Amino acid sequence: MKRRRFAKSLIVGLISPPLLVRANQPKKREARYEISISQWCFHHAIFGASRQNYSKFLKMLRTSPDSVLLGEMDPRDITKVARRLDVSIIDMVNVLWFGHAKDRPWLKELKQRAEDDGVSFGLLMCDQLGSIGASNSELRTRAVENHLPWMEAAAEIGCSQLRVNAYGDGSYLDKLNQCAESLHRLCELGAEFNLEILVENHGHQSNNGAWLAMLIDQTNHSNSGVLLDLDNFFMGGWNIDPPRLYDRLQGVIDLAPYTKGVSAKTYDFDNEGNESSIDYKLCLEILIDAGFKGRVSAEFEGTTLTEYEGSKRTLELLRAYQYET
């Protein structure tokens, strides 16, 4: 009997302390968003000097895409860089590996590298695939079809989202109607690959927050949404002199209800680690208050820091606001 009582007390003694410790531990804080890193952070390291003559670059991209990869970094090395930066989700960019959408061995090796480095892929950004808002219906159809191989590649490597551009011609209303028609078709196709189709404020009329919000409304598809770039807000697009800016905070408010991903653009940082030109705390609070719970993708584009150091500082900034204080 004494032996049984001793054994019972020993078991209780072994079990109870950990239970008490767990009971007294503070509740684990819930992240308000996920953090990923964009492959575009390292486009200089991948492209080298090939983009200095941009018209030549575009021609080479279409005719001999690997010939534009003049940098010291293989596009697939992003998995190792992400691991070194302690981020586990990567957002890929199709022009950084434009010749490999249908290259199964290349994709297989990319997946293996990701598995070896303990990372995964979240979103694929697609450029140079035509204008989904072209006034010519044949060009619109061709642009939609051009996205199909990239949908297959995105699904193959495990992405859950595909970013497209809303480019076109005609009036703002013409482009709205034409882009909405094509975007609806892309959303239908994307659903077959379990891909959300996101439009970024990324040039021309899409830099206008109100217009982009109307596009998502008019597309009227549950598989559509916005990849919100916190810097790309203009009236009429880029390279207009003098610039015609669309108010950033107004743009964030316009697009917050539709936002399913964020491109966290950074250029430089102050002494406290804040982005020197964008109020990240305020922008993220607007999004979170609107119900955003998706991924925020670090995308450093500055020139005063190396791509690696700028990416590191961007990730530190995003981590600073990831949890409620």
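Refer to the preceding data block for the structure.
Residues numbered from 1 in each chain as written. Predicted model: local features only at pLDDT ≥ 70, side-chain atom pairs only at ≥ 80, totals over all residues. Heavy atoms only, no water.

A. Representation of the pattern of salt bridges within the structure. For the coordinates displayed, the defined rule picks out 16 salt bridges. Of the charged contacts in the structure, one is a salt bridge between K80 and D117, with a shortest N-O distance of 3.8 Å. Placement of K80 in helix α4 (residues 78-84) and of D117 in helix α5 (residues 104-117) is noted, with a sequence separation of 37 residues between them. For D117, a relative accessible area of 13% puts it in the buried group. Between R140 and E181 there is a salt bridge, with the nearest N and O atoms lying 3.3 Å from each other. Taken together, the residues span a long stretch of sequence, with R140 in helix α6 (residues 137-157) and E181 in helix α7 (residues 172-192) at a distance of 41 residues. Overall, the relative accessible area of 39% leaves E181 in the partly exposed class. Connected via shared salt-bridge partners are D74, R76, D77, E109 and R113. (Salt bridge = Lys/Arg side-chain N within 4 Å of Asp/Glu carboxyl O. Helix = DSSP H or I, 4+ residues; strand = E, 2+ residues; numbered from the N terminus. Buried < 20%, exposed > 50% of the residue type's maximum accessible area, 1.4 Å probe, protein only.)

B. Spatial organisation of the side chain of N165. The topology assignment puts N165 in the loop between β4 (161-164) and α7. Using a relative accessible area of 7% as the deciding quantity, one classes N165 as buried. Separated by 2.9 Å, the side chains of N165 and H202 make a polar contact. Among all residues touching N165, those that are not within four sequence positions of it are C126, D127, I132 and H202. (Polar contact = N/O pair within 3.5 Å; in protein donor to acceptor, adjacent residues only side chain to side chain. Contact = heavy atoms within 4.5 Å.)

C. Just the sheet that holds strand β5 (residues 196-200), in detail. The sheet built from 8 strands closes into a barrel, its strands ordered β1-β2-β3-β4-β5-β6-β7-β8 with parallel pairing. Averaged over all pairs of adjacent strands, the angle between strand axes in this sheet comes to 30°, irrespective of strand direction. Inspection of the sheet shows strand β6 (residues 224-229) paired to strand β7 (residues 259-266) by 4 bridges, in the parallel sense. Among the inter-strand pairings, L228 is bridged to a residue of β7, identified as V262. Packing of helix α11 (residues 307-320) onto the sheet brings it into contact with β1 (34-38), β7 and β8 (295-300), and relative to β8 it is tilted by some 150°. (Pairing = 2+ DSSP bridges. Axes fitted to C-alpha atoms, helices over the stretch in contact; angles between N-to-C directions.)

D. Looking closely at the pairing of β8. Burial runs high along β8: 6 of the 6 residues are buried. By the alternation rule, side chains of β8 split into R295, S297 and E299 and V296, A298 and F300, which are all buried. Both β1 and β8 contribute to a ladder of 4 bridges, which runs parallel. Bridge assignment links I37 to a residue of β8, and that residue is A298. Of the pairings in the sheet, the one linking β7 to β8 comprises 6 bridges and is parallel in character. Bridge pairing links A264 to A298 in β8. Considered for its hand, the β-α-β crossover made up of β7, helix α10 (residues 280-289) and β8 is right-handed. (Right-handed = clockwise from strand over helix to strand, strands pointing away.)

E. Fine view of the pairing of strand β2 (residues 89-93). Counted residue by residue, β2 has 5 buried out of 5 residues, so it is predominantly covered. The alternating pattern of β2 places I89, D91 and V93 and I90 and M92 on opposite faces, both of which are buried. Two elements, β1 and β2, share 2 bridges in a ladder whose sense is parallel. Of the residues in β2, the one forming a bridge with I37 is I90. You can see the chain leave β2, run along α5 and come back into strand β3 (residues 120-125), and the turn it takes is right-handed.

F. Representation of the nonpolar core. By size, the foremost hydrophobic cluster in this structure holds 92 residues, and its most contacted members are I37 and L215. With residues up to four places along the chain from it excluded, the contact list for L215 reads A166, L176, C179, A180, L183 and V199. (Core = buried A, V, L, I, M, F, W, Y, C linked by side-chain atoms within 4.5 Å.)

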